[in-house]
Amino acid sequence: MLFYLRYLVASFFVLLLEGTVFARLALGGIRPELSLALAIAAGFRTSARGGVVVGFWIGLLRDAADPENFGLEMLLCSLVGFAAGSTSSMLNRAHPIMQGAVIALLVLAHGFMRAFLVTSFSPVEALMLWLRFSPGAALYTALVAALAMLAIPRLWPLKERRALS
Amino acid sequence: MPRRGADRPGLIDWIVLAAAAALGLAFLLAGSGARIDAACFLRATLLRPYRLVLGFHSAAADPWKETRALRREMAERSLDETRLEELVRETARLRDLLDIRAAGGRSLAAAPVVGRQSDGFGEILAVLRPESAGVRAGQTVVGMRGLIGTVLDTDAEEVRVRTVRNGALQVNAMLVESREVGLLRWRPAERIALLEGIPLHVPVKEGELVITSGYGRIFPKGITIGAVAAVRDDSTSLARSIRVRLAEELDRTEEVFLVLD
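Now for a look at the structure at hand. (Residues numbered from 1 in each chain as written. Chains lettered and ligands numbered in written order. Predicted model: local features only at pLDDT ≥ 70, side-chain atom pairs only at ≥ 80, totals over all residues. Heavy atoms only, no water.)

1. Thoughts on the packing of helix 4 (residues 48-64) of chain A against helix 1 (residues 11-29) of chain B
- Where helix 4 of chain A meets helix 1 of chain B, the axes come as close as 8 Å, and the angle between the chain directions of the two elements is 15°. By the angle between their directions, the pair helix 4 of chain A and helix 1 of chain B is classed as roughly parallel. The way helix 4 of chain A lies across helix 1 of chain B gives a crossing that is left-handed. Contacts from Ala48(A), Arg49(A), Val52(A), Val53(A) and Phe56(A) of helix 4 of chain A reach helix 1 of chain B at Ile12(B), Asp13(B), Val16(B), Leu17(B), Ala20(B) and Leu23(B). (Axes fitted to C-alpha atoms, helices over the stretch in contact; angles between N-to-C directions. Helix = DSSP H or I, 4+ residues; strand = E, 2+ residues; numbered from the N terminus. Parallel < 35°, antiparallel > 145°, perpendicular 65-115°, else oblique. Left-handed = near helix turned anticlockwise from the far one by under 90°. Contact = heavy atoms within 4.5 Å.)

Printed below as a string of structure tokens:
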């Protein structure tokens, strides 16, 4: 329970950061997807189930900002959280570069799925949309998330797995 | 050895994923109204603290920018207001002009007022010469509400108009109800317009309309000059002196119309 409570608080904090600090640090209209990175980190540091639950919650909050596609982020963030949790058993999850790489790849995957769904499965439009935003957002997110993970470990050690069990 | 993460996903993990995905898909496939309602509900409940903090941040982040934006908006609104007022005035003027055309059936040439002068007898207006119209001395000039005067002289650019507030101009005027004709003249010393030559036996009411009589063929008949303001009976004379309140507000006239032949 404490695990979810911690992510609940973190999700609000991250959304605030996205809406305030990182809204001003956008590069060419590209912002880091910190809330998505949090869902990925939750899955990566705990389990697939933890990733799905946190991803669903963050998707719910993200969907509130986009009523036209309400439900889309719930679906995609859950999938991304699950994917992060599923791959974490095969990787060194304590390594910041590994975490950054997984975050970058999953942000790219999220962007790709989103582009396809938003453009109603039009391949050309989806590809253009994806190329326009996702690579930049993935790099930016991975960089910020890796730095955050380097700074945070003392405050947020890898104990979630025990907390969940 | 790399530190190992969680175990591979089990059945429960897949069930949780399926439930989350199904819920997301259900919302996604629901009607637009339901999606918007759900999003609004979330904003009003779960995201309320977030929006409060975000709103505070936006307001406090750059007060100078906010103030500048508000000032600019105020200035723009003020300009818009002035523009609107000007449009209202212009519309009223155009309506009056249409009334003049409809009532008189005369052909008019508009000329904006560009200056005010005075000679020894009173007021002279300088107006821009209308491009297409033929202008000559003695031509009648009217305003929105009534008679302005006659053309005194003209050059290539300007026309000088001697107004009814000039003692050198005499107008043959008629009382509308009694049909009596007299001579209207401006008294510069007293700054009043007097209608003279109306016999004492003719009943005159305050407010009675005074128009041009058409006598002498200087002014066309039926142009409003003003209304009776006061009646003075002089015991030494056989005629009345009638003070006329001019219909045209000459101090505020911005545009006049030359009556074309």
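2. Quick word on the nonpolar core
- In this structure, Leu195(B) and Val256(B) are the most contacted members of the largest nonpolar core, which totals 41 residues.
- Those residues in contact with Val256(B) that lie beyond four places of it in its chain are Ala109(B), Ala110(B), Ala111(B), Val113(B), Leu125(B), Val127(B), Val141(B), Val142(B) and Ile148(B).
- Counting residues in hydrophobic clusters, the runner-up holds 33 residues, among them Phe3(A), Tyr7(A), Trp57(A) and Ala38(B). (Core = buried A, V, L, I, M, F, W, Y, C linked by side-chain atoms within 4.5 Å. Buried < 20%, exposed > 50% of the residue type's maximum accessible area, 1.4 Å probe, protein only.)

3. Some details on the interface of chain A and chain B
- With 40 residues of chain A at the interface, the matching set in chain B holds 34 residues.
- The interface formed by chain A and chain B contains 2 salt bridges.
- There are 4 residue pairs in polar contact (both at pLDDT 80 or more) connecting chain A and chain B.
- Of all the elements in the fold, those that place two or more residues in the side of chain A that touches chain B are helix 1 (2-19), helix 4 and helix 5 (72-87) of chain A.
- Looking at the side of chain A that touches chain B element by element, the count peaks at 10 residues for helix 4 of chain A.
- The residue makeup of the side of chain A that touches chain B, split by class, is 23 nonpolar, 11 polar and 6 charged. (Salt bridge = Lys/Arg side-chain N within 4 Å of Asp/Glu carboxyl O. Polar contact = N/O pair within 3.5 Å; in protein donor to acceptor, adjacent residues only side chain to side chain. Nonpolar A, V, L, I, M, F, W, Y, C, P; charged D, E, K, R; others polar.)

4. A closer look at the side chain of Ser241(B)
- Mapped onto the elements of the fold, Ser241(B) is located in strand 11 (residues 239-246).
- Once residues lying within four places of it in the same chain are set aside, the contact partners of Ser241(B) are Leu194(B), Leu195(B), Glu196(B), Ala230(B), Val231(B) and Arg232(B).

5. What to know about helix 4 of chain A
- For helix 4 of chain A, with 17 residues, the first-to-last C-alpha span of 24 Å sits near the 24 Å given by 1.5 Å per residue.
- Among the 17 residues of helix 4 of chain A, 15 are classified as buried, and the element is accordingly described as predominantly covered. (Expected span 1.5 Å × (residues − 1).)

6. Considering the sheet that holds strand 10 (residues 224-233) of chain B
- Read around the closed barrel, 6 strands run 6-7-8-11-10-9 (chain B), paired in antiparallel fashion. Averaged over all pairs of adjacent strands, the angle between strand axes in this sheet comes to 45°, irrespective of strand direction. (Pairing = 2+ DSSP bridges.)

7. A few points about the sheet that holds strand 2 (residues 122-128) of chain B
- Taken in spatial order, the 6 strands of this closed barrel run 1-2-5-4-3-12 (chain B), and their pairing is antiparallel. Pairwise comparison of adjacent strand axes, ignoring direction, gives a mean angle of 45° for this sheet.

8. Quick notes on the side chain of Glu73(A)
Residues and elements named next belong to chain A.
- Structurally, the position occupied by Glu73 is in helix 5.
- Exposure remark for Glu73: the relative accessible area of 4% places this residue in the buried category.
- Those residues in contact with Glu73 that lie beyond four places of it in its chain are Gly59, Arg62, Asp63, Ser78, His110 and Arg114.

9. Here's the deal with the pattern of salt bridges
- Summed over all chains, the structure comprises 16 salt bridges over all chains.
- Here Arg62(A) and Glu73(A) are joined by a salt bridge, their closest N and O atoms 3.1 Å apart. Of this pair, Arg62(A) sits in helix 4 while Glu73(A) is found in helix 5, placing the two residues 11 residues apart along the sequence. Pair check on accessibility: Arg62(A) and Glu73(A) agree, each one buried.
- Notably, a salt bridge pairs Lys205(B) with Glu177(B), separated by 3.0 Å at the nearest N-O pair. Remark: Glu177(B) occurs in the loop between strand 6 (170-175) and strand 7 (181-187) and Lys205(B) occurs in the loop between strand 8 (192-199) and strand 9 (209-212); sequence separation between them is 28 residues.
- You can call Lys205(B) partly exposed: its relative accessible area is 48%.
- A cluster of three or more residues bridged by salt bridges with shared partners is formed by Glu33(A), Arg62(A), Asp66(A), Glu73(A) and Arg114(A).

Any functional reading would require information beyond the geometric quantities listed.
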